[in-house]
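Residue-level structural notes
One-letter residues, chain by chain:
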Amino acid sequence: QGGAMFAELGSKEGLSAMAMAVHPMVTVFAFDVVSVATHVGSVMSSRNGGKRVTPMDVQKAAPNIHFVAGNLADPASAYWRKLILGSRVLLLDTNHFPESK
């Protein structure tokens, strides 16, 4: 590692995380309440002739992105909150209208 750490809250499809992770010295932690890696895998599958793509395949394809699913308000998420607050860049990925309606 040794590079900059970025965090994204509200990843949904992982596209912002992928954009931030273009530089190989940047490690991105993308947080959402659902599994973004599963969603990204289903999109990759549909674009890959229906071949199943697992969250592990997504991690191999983007090794400097870590998709984290969970509720950051949960007391058990203290580790993740500390990581977020220590990030060099924090992207609050919010609803984008009209496509998020």
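Residues numbered from 1 in each chain as written. Predicted model: local features only at pLDDT ≥ 70, side-chain atom pairs only at ≥ 80, totals over all residues. Heavy atoms only, no water.

All right, on to the pairing of strand 1 (residues 4-9) then. Two elements, strand 1 and strand 2 (residues 26-32), share 6 bridges in a ladder whose sense is parallel. Directly across from Leu9, in strand 2, lies its bridge partner Phe31. (Pairing = 2+ DSSP bridges. Helix = DSSP H or I, 4+ residues; strand = E, 2+ residues; numbered from the N terminus.)

Here the focus is the sheet that holds strand 3 (residues 65-69). Spatial strand order, 3-2-1-4: 4 strands in an open sheet with parallel pairing. What marks the edges here is a single partner per strand, and that holds for strand 3 and strand 4 (89-92). Across the sheet, the mean angle separating the axes of adjacent strands is 15° when strand polarity is ignored. In the packing of helix 4 (residues 78-85) onto the sheet, the strands contacted are strand 1, strand 2, strand 3 and strand 4, and the crossing angle to strand 2 comes to about 130°. (Axes fitted to C-alpha atoms, helices over the stretch in contact; angles between N-to-C directions. Contact = heavy atoms within 4.5 Å.)

Inspection of the secondary structure assignment puts Glu8 in strand 1. Non-local contacts of Glu8, meaning those with residues more than four positions away in its chain, are made with Ser16, Ala17, Met20, Phe29, Ala30, Phe31, Leu91 and Asp93.

Moving on to the packing of aromatic side chains. Inspection of every chain in the model, using the stated rule, returns 3 aromatic pairs. A ring pair is formed by Phe31 and Trp80, whose centres lie 5.6 Å apart and whose planes are at 70°; its orientation type is edge-to-face. You can see Phe31 sitting in strand 2 and its partner Trp80 sitting in helix 4, a full 49 residues away along the chain. By relative accessible area, which is 3% here, Phe31 ends up buried. (Phe/Tyr/Trp six-rings, centres within 6.5 Å; stacked < 30°, edge-to-face > 60°. Buried < 20%, exposed > 50% of the residue type's maximum accessible area, 1.4 Å probe, protein only.)

Counting residues in each nonpolar core, the largest one holds 14 residues, and the members touching the most others are Phe6, Ala17, Val28, Val58, Ile65 and Phe67. At 3 residues, strand 2 tops the list of elements feeding residues into this core. Excluding residues within four positions of it along the chain, Ile65 makes contact with Ala17, Met18, Ala21, Val28 and Gln59. Counting residues in each nonpolar core, the second largest holds 6 residues, with Ala7, Phe29, Val68 and Ile84 among its members. (Core = buried A, V, L, I, M, F, W, Y, C linked by side-chain atoms within 4.5 Å.)

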